[in-house]
Amino acid sequence: MTLAALEPYDGSRLRHLGQRAVVVGASMAGLCAARVLRETFDEVVVLERDTLPAGPEVRDGAPQTSHPHAMLEAGRVTLEDFFPGFAEDVLAAGGLELDMSKDVVWYDRGGAVAEADADLLALYASRPLFEHVVRERIREDADIRIRDDCHFVDYESDGPDERVTGVRFRDESGAETTLGAALTVDATGRTSRTPKWLDRHGYPIPDVDEVQIDVTYSTVRITRPPDAERGVLVAPEPDRPRGGAMLPVENDRWEVLLQGVHGERAPVDRDAFIEWAETLPRPEIGRQLRDQEWLSAVTRYPFPASVRRHYHALSRFPDGLIVTGDAIASFNPIYGQGMSVAALDALALHHELADGIDGLGLRFFERSKTAIDEAWKTAVSNDFIFDGTTGPKPFGTDLLNRYVDRLVSRAHEDGELTEAFLRVFRLERHATSLLRPSIAWRVLRPRLE
């Protein structure tokens, strides 16, 4: 599922389905799910284990939010449908709207890609700011209640088919309690307990794909002159398993990230951080690290593998429960897909709710599969350019990688190829759009000396 193939949000299709829905996890996936559920339930309760900050701050239980994130176009459009004025709220809070090819230097396959003629605008802000904007819009809705400091214990269930009827959790006071629900949503991320619950209750569990990339990310925030609204991204390559990014965000800051793949450990020491940045083929990152004031210590986040659970392939699944977001699939964060796929998952849920709650889980998993397939193939296929990557390789990966390698190399001098590549990266178009005759000719035609 990409923007080109999206069935748009349509609140008029929905009908009342029950008194209460419960969402476990106030991640972007959980918040987006809560937004679509409130159209069909009298009350939506979001249970979150962390103490949620009042402002755009990093949550203790989500250390990955310290690192740069991108809002891809598919995510922006979907969030704008869920929360009209979303982009305006981000900009009002200090976020920036920049052109991905004109305002950000994109260095890949030995050079920087050419600027595209078309405008490829995107929102740039910290992950905590994106989450804060969505969280505040959720809090404005009287039908949705967020309860933080609540720790999920287990699902409640009854009947011969073990329908999920709610959750058991430790509440804000530490007391164990239950909350009934017509529908429960697992948005707890990679640590989801749903597979173990399915196994205990006689349901099949999903097969799991793990693609080992063994990547570490280190990030620091530095000052940014107010008029310096430009960024740079350097992708790691097989002969240089180091990458980096310097992205402008709110409050006149750059978020600077260094990435190491397959044994290259991104540093946490300040001097080593600067020296590492200066080994990259673009000088901007190292120069600004020396020239600007540091506003934070270096934060490192390990990401050993992309993980996908094949819920869509199950033959049976309990009514009253669905799983969404990173609890289904989590991708190498360098591609910035997580928030956008979370929003697309919620859009899939919205459409399936129109057909009622019975059998919802398997219907939702099948519909959301298309968006996950696209993001998974994009991320995992590119990870397989490194010999050290292991795990299930999508069909056609090696051929696709050779083609994309040539496409990006040609994009160093061809803005039309830059546009084609970035529209796929932004989840606007399917990867097969890169094989259109007009694009394939520009990729494969012989060079005239």
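Residues numbered from 1 in each chain as written. Predicted model: local features only at pLDDT ≥ 70, side-chain atom pairs only at ≥ 80, totals over all residues. Heavy atoms only, no water.

J.: Which residues make up helix 7 (residues 284-291), and what are the values?
T.: Of the positions making up helix 7, those classed as buried are Glu-284, Ile-285, Gly-286, Gln-288 and Leu-289. Packing partners of the buried residues in helix 7 comprise strand 4 (104-108), strand 12 (208-223), strand 13 (231-234), strand 14 (242-249), strand 15 (253-261) and helix 6 (270-277). (Buried < 20%, exposed > 50% of the residue type's maximum accessible area, 1.4 Å probe, protein only. Helix = DSSP H or I, 4+ residues; strand = E, 2+ residues; numbered from the N terminus. Contact = heavy atoms within 4.5 Å.)

J.: Can you explain the packing of helix 10 (residues 397-411) against helix 12 (residues 437-444)? Please cite residues and give values.
T.: Following both chains from N to C, one finds helix 10 and helix 12 inclined at 80 degrees, their axes separated by 9 Å at the closest point. Classified by the angle their axes make, helix 10 and helix 12 are roughly perpendicular. Each of Tyr-403, Arg-406, Leu-407 and Arg-410 in helix 10 lies in contact with helix 12, whose residues at this interface are Ile-439, Ala-440, Arg-442, Val-443 and Leu-444. For the contact of helix 10 with helix 12, the per-class residue count stands at 6 nonpolar, no polar and 3 charged. (Axes fitted to C-alpha atoms, helices over the stretch in contact; angles between N-to-C directions. Parallel < 35°, antiparallel > 145°, perpendicular 65-115°, else oblique. Nonpolar A, V, L, I, M, F, W, Y, C, P; charged D, E, K, R; others polar.)

J.: Would you mind going over the environment of Phe-83 in detail, with residue names and values included?
T.: Mapping Phe-83 onto the fold places it in the loop between helix 2 (73-82) and helix 3 (86-92). Phe-83 gets classed as buried once you look at its relative accessible area, which sits at 4%. For the pair formed by Phe-83 and Arg-308, sequence separation is 225 residues and the distance between their alpha carbons is 28 Å. Each residue touching Phe-83, except ones within four places of it in the same chain, is listed here: Arg-35, Val-134, Arg-137 and Ile-138.

J.: Lay out the sheet that holds strand 13 with the relevant residues and their values.
T.: As summarised here, the arrangement of the 8 strands in space is 5-4-13-14-15-12-16-18, forming an open sheet in which the pairing is mixed. With partners counted over all chains shown, the strands left at the sheet margins are strand 5 (111-112) and strand 18 (329-330), one partner each. Two strands pair when backbone bridges link them, and strand 16 (residues 299-309) and strand 18 are joined in this way by 2 bridges, in the antiparallel orientation. Bridge pairing in strand 18 places Val-307 opposite Ser-330. Here helix 6 sits on the sheet and contacts strand 12, strand 14 and strand 15; the angle it forms with strand 15, its principal contact strand, is near 80 degrees. Against the sheet, helix 7 makes contact with strand 4, strand 12, strand 13, strand 14 and strand 15, and its axis sits at roughly 60 degrees relative to strand 14, the strand it touches most. (Pairing = 2+ DSSP bridges.)

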